[in-house]
Every structure is written in structure tokens, then in C-alpha cells.
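What follows is each chain in one-letter form.
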Amino acid sequence: MVVHRAGLRRRFLPHWIGSVPVPANNDGPDDGATPSKSEQTRALILETAMRLFQEHGYDKTTMRAIAKEAGVSVGNAYYYFAGKEHLIQGFYDRIAEEHRLAVREVLDRETDLEARLAGVLRVWLDIATPYHEFAVQFFKNAADPDSPLSPFSPESEHARVQAIDVHREVLSGAKTKVAPELRDVLPELMWLSQMGLVLYWVFDRTEGRERSYRLAERGARLTARGVSLARFRVLRPLVLEVHELFTDFLPGMTHALPDPAKKRDKEKDKDKRGASAAGTADDERP
């Protein structure tokens, strides 16, 4: 599925892009209502920021420059976005929403897990294509684990949850059987593998990012095989262990499951209470 840049700029939600009105929510088709002036101003500031980030780099672009280029006051720019980091979060949300809409064709058509996952990854690469050079400049900021621009940061949670939900749908609509205890774990691991693809894509200099598309195809095949094998009970603990490894070291990755460390502490407390109760019972036994 090829998504052209002009089409991307028109279909982003929930913003006013180009000359085509789009609904401020995703509950149904556009009723023809024109977005408010506030929505148009917000979209204009975001569009301007993305262009300046691409032209001058994230670090060298100031909120004052964005406001001037957009034709609004600095105070107005800060009214809609508290800082450059919030503009990037707006960009993340935009990409996540565009991806959620664009994968519908694949998810409605395919039931094979590999085909569904490969299609979802290809669509993401299509959507991200116009922003490749910007991503290269911007990566050093997003790669900092302490930065609010990191995909694992609390600030990025909204876009992260949207992306994980896409993978949840990839899995739930496939004919592959999934053990109940893995239904929350696997979508997060699938999203994490997509982050690996994104990292490769950032540095991919091949024509049309051809190697990134190949990696998406092969990664989808490998993931589908892994999910299929996970139906065997003997391999399920391994999947859970891998998930726990990532949630231990990337604590912002997930809120879908309890924190593994807290879970272990609760289990230890339970064991201690059980041992204490057993000791009391022994003391009371005649």
C-alpha cells in the first residue's frame, strides 16, 4: 500500500491540513463542518514547526521562530504548545493516528498473522517517508532515555498506547491461536520490535529505504513464527521472561501489566504471610 505525501497531509487527524476539513474526533465520517479557528491555528503552528525542524534542525529552531513563520504571536504559540517537546508530541500523535486509520485496509482484509503484521509495518514506513530527514536530525534527542521525546517517556504515552493498540488488533484479528496469558504481553513485544525497525529506518540510506521494507517483511515472518510457537505451554514462560526483561529496563514501556518488581514483592509478601500462618498453626497444634 503506497501512501502519497499529499494524501498524508490531507488525512491527518484531528487537525486541519491543507484545504480539506477533517473531523476533530474519529467517531464517524466528516459531517462537512469546518474546524474551528483554534483548531486551524494549532495545526498551522504544528505544520510550521515540522517544516522548520526539517529545514534547520530541532535544536536550532526556536518557538519564537516558529511563531514568526506561522504569523502568530509567541504567546499564542505557547498557548497551544508549552514548548518544542509538546510540538513533537503533537507530531507523534499525528503519526500514530494516521497509522491507525491507514492500516484499516490491511486489517480488514487479512487474517494471516504474518500478512497482518507485515502490512502494518509497511504502512508505517509509507507514512513516515516524508519525515525521514527530519527523523535523522531529531534522533539524538529522541534517543536520550531521559528526554520527554523518547518513545518510552511518560510524555509519549498517548502515542505509545495507540501504537500498541494497533498491534493488539493485529493479534486479535488473526487466525493464530494465542494463550490468554500472552494476549497483553505479545502486542507490547510486537510494538517493541517495531521500534527496532524504526531505529533501522532512521539510518537506512538505501534507495526508497528498500532495506527497511525487507526488514519489515522478514521481521513479520519471524514474529509470526514466534507467536505460533508460543502456543506450546513449555515456551510461554520464556515469552513472559522476555517481556519482564524489557519492562524492568524500559519501565515506561507499558502500563498494561503490573510492574514486574512490584509483582515479585507481592509474591514474596504472600509467601511470608503463608509461612507465618503455617508457623502459627504449628504452634497451636496440640
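Residues numbered from 1 in each chain as written. Predicted model: local features only at pLDDT ≥ 70, side-chain atom pairs only at ≥ 80, totals over all residues. Heavy atoms only, no water.

The next point concerns the overall build of the chain. For the chain, the helix and strand inventory stands at 13 helices and 0 strands. Order of helices (α) and strands (β) in the chain, N terminus to C terminus: α-α-α-α-α-α-α-α-α-α-α-α-α. Looking at the chain as a whole, 41% of its 286 residues qualify as buried. Contacts in the chain between residues at least 24 apart in sequence constitute 67% of all its contacts with a sequence separation of at least 6. (Helix = DSSP H or I, 4+ residues; strand = E, 2+ residues; numbered from the N terminus. Buried < 20%, exposed > 50% of the residue type's maximum accessible area, 1.4 Å probe, protein only. Contact = heavy atoms within 4.5 Å.)

On to the confidence of the model for the chain. Close inspection of predicted coordinates is inappropriate for parts of the model with low pLDDT. For the chain, per-residue confidence averages 79 on the pLDDT scale, and 75% of positions sit at 70 or higher. Every residue in residues 1–32 scores below 50 in pLDDT, and together they form 58 contacts with partners more than four places removed in sequence or on other chains. Taken as a whole, residues 254–260 scores under 50 in pLDDT and shows 13 contacts with residues more than four places along the chain or in a different chain. (pLDDT = per-residue confidence, 0-100.)

Let us look at the packing of helix 2 (residues 37–56) against helix 3 (residues 63–70). One way to put it is that helix 2 packs onto helix 3 with a least axis distance of 9 Å and a crossing angle of 120 degrees. Judged by the inter-axis angle, helix 2 sits oblique to helix 3. Seen from above, helix 2 lies across helix 3 with right-handed handedness. Residues Leu44, Ile45, Thr48, Ala49, Arg51, Leu52 and Phe53 of helix 2 lie in contact with helix 3, whose contacting residues are Ala65, Ile66, Glu69 and Ala70. Among the residues forming the contact of helix 2 with helix 3, the class breakdown is 8 nonpolar, 1 polar and 2 charged. (Axes fitted to C-alpha atoms, helices over the stretch in contact; angles between N-to-C directions. Parallel < 35°, antiparallel > 145°, perpendicular 65-115°, else oblique. Left-handed = near helix turned anticlockwise from the far one by under 90°. Nonpolar A, V, L, I, M, F, W, Y, C, P; charged D, E, K, R; others polar.)

On to unusual backbone geometry, then. Of note in the backbone geometry, arginine 209 takes a positive phi value of approximately 55 degrees without being a glycine. Among the secondary structure elements, arginine 209 is positioned in the loop between helix 10 (185–202) and helix 11 (210–229).

A cluster of nonpolar side chains, namely Leu229, Phe232, Val234, Leu235, Leu238, Val242 and Phe246, defines an oily patch on the protein surface of about 600 Å² accessible area. A per-element tally of the nonpolar patch places helix 12 (residues 236–249) first, with 3 residues. One can find leucine 235 in the loop between helix 11 and helix 12. Taking the relative accessible area as the measure of exposure, leucine 235 reaches 30% and is therefore partly exposed. (Patch = residues over 30% accessible without salt bridge, like charges linked within 9 Å, V, L, I, M, F, W, Y side chains within 5 Å. Areas by Shrake-Rupley, 256 points an atom, 1.4 Å probe, with all protein chains shown as cover. Salt bridge = Lys/Arg side-chain N within 4 Å of Asp/Glu carboxyl O.)

As a further point, take the pattern of salt bridges. The tally for this structure, following the rule as stated, stands at 15 salt bridges. The partner of arginine 221 in a salt bridge is glutamate 114, with the nearest N and O atoms 3.5 Å apart. Of this pair, arginine 221 sits in helix 11 while glutamate 114 sits in helix 7 (residues 113–128), and the two are 107 residues apart along the sequence. Between glutamate 181 and arginine 236 there is a salt bridge, with the nearest N and O atoms lying 3.3 Å from each other. Highlighted residues: glutamate 181 in the loop between helix 9 (157–172) and helix 10 and arginine 236 in helix 12, separated in sequence by 55 residues. Assessed through its relative accessible area of 13%, arginine 236 is described here as buried. Salt bridges here are not isolated pairs; linked through shared partners, they connect Arg51, Glu55 and Glu69.

If you add up the space inside the largest pocket, you get close to 880 Å³. Every residue lining the largest pocket is counted, 37 residues in all, and those nearest its centre are Tyr92, Ala142, Pro151, Met195 and Val198. Counting only elements with at least two residues in the lining of the largest pocket, the list comes to helix 5 (84–102), helix 7, helix 8 (132–142), helix 9 and helix 10. A total of 9 residues in the lining of the largest pocket trace back to one element, the largest contributor, which is helix 10. A per-class count over the lining of the largest pocket returns 28 nonpolar, 8 polar and 1 charged. In this structure, the second largest pocket encloses a volume near 600 Å³. Lining of the second largest pocket is provided by 25 residues; of these, Ser193, Gly219, Leu222, Thr223 and Gly226 occupy positions nearest its centre. In terms of residues, the lining of the second largest pocket owes the most to one element, helix 11, which gives 10 residues. The residue makeup of the lining of the second largest pocket, split by class, is 18 nonpolar, 6 polar and 1 charged. (1 Å grid on protein atoms, 1.4 Å probe; cavity = no way out; pocket = protein on both sides within 12 Å on 5 of 7 lines; lining within 4 Å. Points joined across faces, edges and corners; volume = space filled by probe spheres on them.)

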